[in-house]
Amino acid sequence: MRAHGGDEREERAEHAELAEARVGMVRRMDEGGVVLSSRLAEVFLDVPRHRFVPVFYRRDGERFLPCRRADGDTGQWTARVYADDSLITEVDGLHAEDAGERAVTGVPTSSSTAPSLMADMLDALDAGPGARVLEVGTGTGYNTALLCRLAGAGNVVTVDVSERLTAAARKRLDGLGLSPVVETADGAAGAPGHAPFDRIIATCSVRRVPAAWTDQCAVGGIMVVPLKGTLAGGVLARLTKLADGTAAGHLLHTPAAFMPLLSGPRPVPPPAGAEGGRSRETPLSGSVLDDWTFSFFAQLHLGPVVEREYRRAADGTRTTVLYDPADGSRARVTDHGDGRAGAAVSAAGPRDLWAVVERAHRRWRELNRPRREWFTVRVTPRGQTVSYTSPDGRTHTWEL
């Protein structure tokens, strides 16, 4: 039996180890080029991330294994918690804390965002003391705690569709003496009972900015919103609410692949097979959609509902499938492999979706591969657009 004094020494050593890990995380973020003001550094040092992610999943091939401090190597667990990485906390609705010891398979449905990305978003949000803040996507509650330190807990409202997540976050926030409003609700509707808000931030991606968010943002207020369709090119928009009800701003340089807002109908998987498709050759490999900068640009041309799947055969051959549930168009792109350039295309339906990608790629190259931060965004009741003004003064505009 251990002496009481021994327990206290262990607790002090554990506390010192976790505090040192937190300092190390902030130092690495700062050295990595994140915009980390002294105020932001202070709140990241003040809020213990490990309190919000006591258990998380680590990838093991196609499986996800629960990882907790009590599993053995506490130093490795601490290093993972305070690494500048996202931590997966839920797979197909099963939280890591409820998974026991077994490995699970499926699709991640909730996570704790990488701290450097959180810092970029919080810097863009610029939430000062007294600002009324809405957070869409409570998740673990870690970002909520940071917002509470920045704006004051009494000014923060956070919503999440998962009652399991909001209940756990509420408990952990309370454990730190923080009592923001935590509600279980469809994030697309915002929090109308608490509006207007000076700041709105989403920790989940949307294809278009929900009208409720713009409506609930005060004039002069700022929204930081991850925009993402079905392709890889997620982006962050920083928008300001104008007096005429428009929200306008620009994209940030930081790529962002947030999990989608769980609201409305789920994506429709492409049908099996491509019987009757039109076959042709293309010089463009399906891997071009792995380039996040181009993938975002391609999405603007394909439209927000086109689904993408890709897989690799045992011989290494890569196949990309695009499917538009709106009109049934489908394209299958199979790379030649064996060092040969190009791919074979099979297109079916009213549109050749890969031809759309080819045209978008040519235009992207003609515009000298414009970076994300060179685009502006405008959200009105009549439509949502992304624009790019080239050096010759021409403005190119696409619907979100």
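Our structure's up above, just so we're on the same page.
Not measured: the values here are computed from a predicted model.

Before going further, it helps to examine the overall build of the protein. For the protein, the count of helices and strands is nine helices and 20 strands. The C-alpha atoms of the protein give a radius of gyration of 23 Å, which matches the 21 Å a tight globule of 400 residues would have. Based on the C-alpha atoms only, the size of the protein along its principal axes is roughly 75 × 55 × 40 Å. Residues counted as buried form 52% of the 400 residues belonging to the protein. When the accessible area of the protein is evaluated, it comes to approximately 18,300 Å², of which 50% is carbon and sulfur surface. Charge separation in the protein, taken as the distance between the mean sites of 49 positive and 51 negative side-chain charges, equals 3 Å.

Counting residues in hydrophobic clusters, the biggest one holds 53 residues, and the most contacted among them are Trp-213 and Trp-354. Val-26, Phe-56, Leu-87 and Leu-150 belong to the second-largest nonpolar core, a separate cluster that totals 50 residues.

Moving on, we get to the sheet that holds strand β13 (residues 278-282). Read from one edge to the other, the open sheet built from five strands follows the order β13-β17-β16-β15-β14, with strand pairing classed as antiparallel. Whereas interior strands pair on both sides, the edge strands pair on one side only; in this sheet they are β13 and β14 (307-312). Each adjacent strand pair in this sheet contributes to an overall mean axis angle of 20 degrees, direction not counted. In this structure, β14 lies alongside strand β15 (residues 318-323), joined through six bridges in antiparallel fashion. Across the sheet, residue Arg-312 finds its bridge partner in β15, namely Arg-318. The strands that helix α9 (residues 353-366) touches are β13, β15, β16 (330-337) and β17 (340-348); relative to β13, the one it contacts most, it runs at about 25 degrees.

Relative to the helices and strands, Arg-308 is located in strand β14. If we ignore the near neighbours within four places in the chain, the residues touching Arg-308 are Thr-230, Leu-231, Ala-232, Gly-286, Leu-289, Asp-290, Arg-318, Thr-320, Val-321 and Leu-322. A polar side-chain atom of Arg-308 sits 2.9 Å from a polar atom in the side chain of Asp-290.

On the basis of which strands lie adjacent, the open sheet formed by ten strands has the order β8-β7-β6-β9-β10-β11-β12-β18-β19-β20 and mixed pairing. Because the sheet does not close on itself, it has two edges, and the strands there are β8 (181-184) and β20 (395-399). Across the sheet, the axes of successive neighbouring strands diverge by a mean angle of 20 degrees, strand direction being ignored. As judged from the four bridges shared by strand β7 (residues 156-160) and β8, these two strands associate in the parallel manner. The residue bridging Asp-160 from the neighbouring strand is Thr-184, located in β8. Along the sheet, helix α6 (residues 163-175) makes contact with β7 and β8, crossing β8 at roughly 165 degrees.

A complete count under the given rule lists one cavity of 30 Å³ or more for this structure. Looking at the largest cavity, its volume works out to about 140 Å³. If you go around the largest cavity, you meet 13 residues; those closest to its centre are Lys-228, Gly-229, Gln-299, Leu-300 and Leu-400. When its residues are assigned to classes, the lining of the largest cavity shows six nonpolar, four polar and three charged.

To continue, consider the packing of helix α4 (residues 115-125) against helix α5 (residues 142-151). One can describe the packing of α4 onto α5 by two numbers: an axis separation of 12 Å at closest approach and a directional angle of 35 degrees. Here α4 and α5 pass one another in a crossing that is right-handed. Along its contact with α4, which presents Met-118, Leu-122 and Leu-125, the element α5 presents Tyr-142, Asn-143, Leu-146, Leu-147 and Leu-150. Residue composition of the contact of α4 with α5, by class: seven nonpolar, one polar and no charged.

What counts and how
Residues numbered from 1 in each chain as written. Predicted model: local features only at pLDDT ≥ 70, side-chain atom pairs only at ≥ 80, totals over all residues. Heavy atoms only, no water. Helix = DSSP H or I, 4+ residues; strand = E, 2+ residues; numbered from the N terminus. Rg over C-alpha atoms; globule rule 2.2 N^0.38 Å. Buried < 20%, exposed > 50% of the residue type's maximum accessible area, 1.4 Å probe, protein only. Areas by Shrake-Rupley, 256 points an atom, 1.4 Å probe, with all protein chains shown as cover. Lys, Arg positive; Asp, Glu negative; His and termini not counted. Charge placed at Lys NZ, Arg CZ, Asp CG, Glu CD. Core = buried A, V, L, I, M, F, W, Y, C linked by side-chain atoms within 4.5 Å. Pairing = 2+ DSSP bridges. Axes fitted to C-alpha atoms, helices over the stretch in contact; angles between N-to-C directions. Contact = heavy atoms within 4.5 Å. Polar contact = N/O pair within 3.5 Å; in protein donor to acceptor, adjacent residues only side chain to side chain. 1 Å grid on protein atoms, 1.4 Å probe; cavity = no way out; pocket = protein on both sides within 12 Å on 5 of 7 lines; lining within 4 Å. Points joined across faces, edges and corners; volume = space filled by probe spheres on them. Nonpolar A, V, L, I, M, F, W, Y, C, P; charged D, E, K, R; others polar. Left-handed = near helix turned anticlockwise from the far one by under 90°.

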